[in-house]
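# Observations on chain architecture
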2 protein chains.
Amino acid sequence: MTAARQQHEEIAAYLRSAIHRKEFVPGDPLPSESELCERFTSSRGPVRQAMATLRTEGLITSGRGRRSTVLDDVPTQSFDGVISYSEWCRQSGFEPGQATQTVTRGPAWPALAASLDLDAGAPVVSVFRLRLLDGAPAMVERLNYPLDVGQHVLSFDTDSGSIYQRLIESGVDIHHATRTIDAIGADQDDADLLQVPVGTPLLRVRRRAFTRTGAPVEASDDRYLPGTASFTLTATRGNPSPLTMVSAREPEALHPGA
Amino acid sequence: MTAARQQHEEIAAYLRSAIHRKEFVPGDPLPSESELCERFTSSRGPVRQAMATLRTEGLITSGRGRRSTVLDDVPTQSFDGVISYSEWCRQSGFEPGQATQTVTRGPAWPALAASLDLDAGAPVVSVFRLRLLDGAPAMVERLNYPLDVGQHVLSFDTDSGSIYQRLIESGVDIHHATRTIDAIGADQDDADLLQVPVGTPLLRVRRRAFTRTGAPVEASDDRYLPGTASFTLTATRGNPSPLTMVSAREPEALHPGA
DNA sequence: CAGTGGTCTAGACCACTCA
DNA sequence: GAGTGGTCTAGACCACTGG
């Protein structure tokens, strides 16, 4: 929409939106670098930086001697959408909702303490919510925070919306996050909330979020009802995939008694 | 190990291997750009390109005014590892194995035809194998190819190893691939082969591979036993994630009768 | 305030694709 | 052979971090 500050961002934004507006569809050649240089009154540097961005997003492919072409037109996911279910819903055009089950302050059990780099028994704040998509049960969310972060959650109405927004407004520095994706059967809690039988396959996303200095700020476990969510990603020959498949390690329980 | 042709590749390879050798651990600052320029007798361009590569791999983070620092040290996944289970095993230090169930040539059912951009009923080659990890059942693999590609599979002993290798050697141009990840319960076939009850949660990876011109070469459905595999990825604020979570669409059946 | 990485320019040469 | 993107150089200015 509005012009980005940096030239390379402006160029990237233009190309991205042109692709999403179907101005270019998969297989189509993009304008050449020299054309883009002229159109944006820029040198090659910013143009190539914009192309590199789209390439890592999986939107385009390029190579010596041939025009860069459109690969795919999946929407790009912002960092906010990665961290926040509410934000993801909004970006995807759905209405997020939540039904808080419990908000607790208590000692960290060993697996959680390890995940948050705390000593076992250190105080943590845990949130257990059912999340809704357009009003229907979609996901069971278990969030855990060290106390210094969690204090901002304790003083928050967790039925009123995005905890992530709350944390940002409270000045918590959320800088990067690691997601681990696997499948797991619904336990009794999951089953009750999602209204499915125990053992129903769920897509589990465990997330650890960190500050810029590497201190953990969150450890979470989200379980999606089948049919609600899936993940997609495009890999291109010669560009190593940032998504790594790893042989599973021992499960990290992010709620007690598992 | 051996010097890469391009300076930026050489620099990236050096940094990557230094991180994996634990010479730098998460939180550590990397050498400054100017140091790297001297060490590799290079200008800033190649150094910055190498940094950008590592950044998209999720290995480092950087920002104005501060040194680039190590984020994580997950192994990077090559394109071969994305496409080929055998290759993934080798990279991960496991012994791949397979027990072919069926190799068939027959007409494409509608969903498969759509996935391969063929007309319904067009001839396709399908492979149905149990894959092993260090000798134990790990994954059920369903591969489907258009006939022109699949002919190279029909004349191949599918118990002898990697079909992917075979296709490459046959000159098939596999240029990029899209993966969709979700969870699904084991069907009767899955259950029999993996020796688990029907309905056991499995991690499903559906893959579509394409030539450089966008023609489909493969449509597959891999289902991993829980505990065998999971996916991880690091996202950083300001860098949009290439992994997109999408609301699920109708299931594409990649084997008949589903 | 010195040093860092982010951005940008203006040029150059090369490997490659495609008509 | 004209045009393309990939690589590289040598400079410049700026925003920001940290001691």
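Residues numbered from 1 in each chain as written. Chains lettered and ligands numbered in written order. Predicted model: local features only at pLDDT ≥ 70, side-chain atom pairs only at ≥ 80, totals over all residues. Heavy atoms only, no water.

In the nomenclature of an unreviewed UniProt entry, chain A is known as GntR family transcriptional regulator of Citricoccus parietis.

### A few points about the side chain of Arg131 of chain A
In plain terms, the rule: Helix and strand assignments follow DSSP, with helices taken as H or I runs no shorter than four residues and strands as E runs no shorter than two, numbered in order from the N terminus. Here a polar contact is taken to be a pair of N or O atoms separated by no more than 3.5 Å, where protein atoms must pair a possible hydrogen donor with a possible acceptor and residues adjacent in sequence count only if both atoms sit in side chains.
Here Arg131 of chain A is to be found in strand 4 (residues 123–133). At a separation of 2.9 Å, a polar atom in the side chain of Arg131 of chain A contacts the side chain of Ser86 of chain A.

### Description of the protein's contact with DNA strand D
Put simply, the test is: When at least one non-hydrogen atom of a residue lies within 4 Å of a molecule or strand, that residue is treated as near it.
Around DNA strand D, 25 residues are found, and the nearest of them are Glu33, Arg44 and Arg48 of chain A together with Gln7 and Ser43 of chain B. Of what DNA strand D places within 4 Å of the protein, 75% of the atoms are sugar or phosphate. Between DNA strand D and Glu33 of chain A, the relevant distance is 2.9 Å, taken from a phosphate oxygen to a main-chain nitrogen or oxygen of the residue. For DNA strand D, a phosphate oxygen lies 3.2 Å from a polar atom in the side chain of Arg212 of chain A. Looking at the surface near DNA strand D, the elements with two or more residues in it are helix 2 (33–39), helix 3 (44–56), strand 1 (60–63) and strand 2 (66–70) of chain A together with helix 1 (7–20) and helix 3 (44–56) of chain B. Ranked by the residues each element gives to the surface near DNA strand D, the list is headed by helix 3 of chain B, at four residues.

### Examining the packing of helix 1 of chain B against helix 3 of chain B
Residue and element names in this part refer to chain B. Basically, it comes down to this: To get an axis, a line is fitted to the C-alpha atoms, and for a helix only the part in contact is used. The angle between two axes follows their N-to-C directions and goes from 0 to 180 degrees. Between 65 and 115 degrees an angle is taken as roughly perpendicular, under 35 as roughly parallel, over 145 as roughly antiparallel, and anywhere else as oblique. Definitions for this section: a left-handed crossing has its near helix turned counterclockwise from the far helix by less than a right angle. A right-handed crossing has that turn clockwise. We call two residues in contact when some of their heavy atoms are within 4.5 Å. Residue polarity follows a fixed list, in which Ala, Val, Leu, Ile, Met, Phe, Trp, Tyr, Cys and Pro are nonpolar, Asp, Glu, Lys and Arg are charged, and the others, Gly among them, are polar.
It is at 8 Å that the axes of helix 1 and helix 3 come closest, and there the two elements cross at 45 degrees. Judged by the angle between their axes, helix 1 and helix 3 are oblique. As helix 1 runs across helix 3, the sense of the crossing is right-handed. In this structure, helix 1 contributes Gln7, His8, Ile11, Ala12, Leu15, Arg16 and Ile19 to the contact, and helix 3 contributes Pro46, Val47, Gln49, Ala50, Met51, Thr53 and Leu54. Residues that form the contact of helix 1 with helix 3 fall into these classes: nine nonpolar, four polar and one charged.

### Re the domain arrangement of chain A
The condition is simple: Where each domain begins and ends follows an automated or database-derived domain assignment.
On domain assignment, one finds that chain A holds domain 1 (1–76) and domain 2 (79–224). A separation of 35 Å is found between the C-alpha centroids of domain 1 of chain A and domain 2 of chain A.

### With respect to the protein's contact with DNA strand C
If you check the shell around DNA strand C, you find 24 residues, and the closest are Gln7 and Ser43 of chain A together with Glu33, Arg44 and Arg48 of chain B. One of the side-chain N or O atoms of Ser42 of chain A is found 3.5 Å from a phosphate oxygen in DNA strand C. Take Glu33 of chain B: an N or O atom from its main chain is 2.9 Å from a phosphate oxygen of DNA strand C. Of all the secondary-structure elements, those providing two or more residues to the surface near DNA strand C are helix 1 (7–20) and helix 3 of chain A together with helix 2 (33–39), helix 3, strand 1 (60–63) and strand 2 (66–70) of chain B. Here the surface near DNA strand C gets four residues from one element, more than from any other, and that element is helix 3 of chain A. Its residues assigned to classes, the surface near DNA strand C shows one nonpolar, 14 polar and nine charged.

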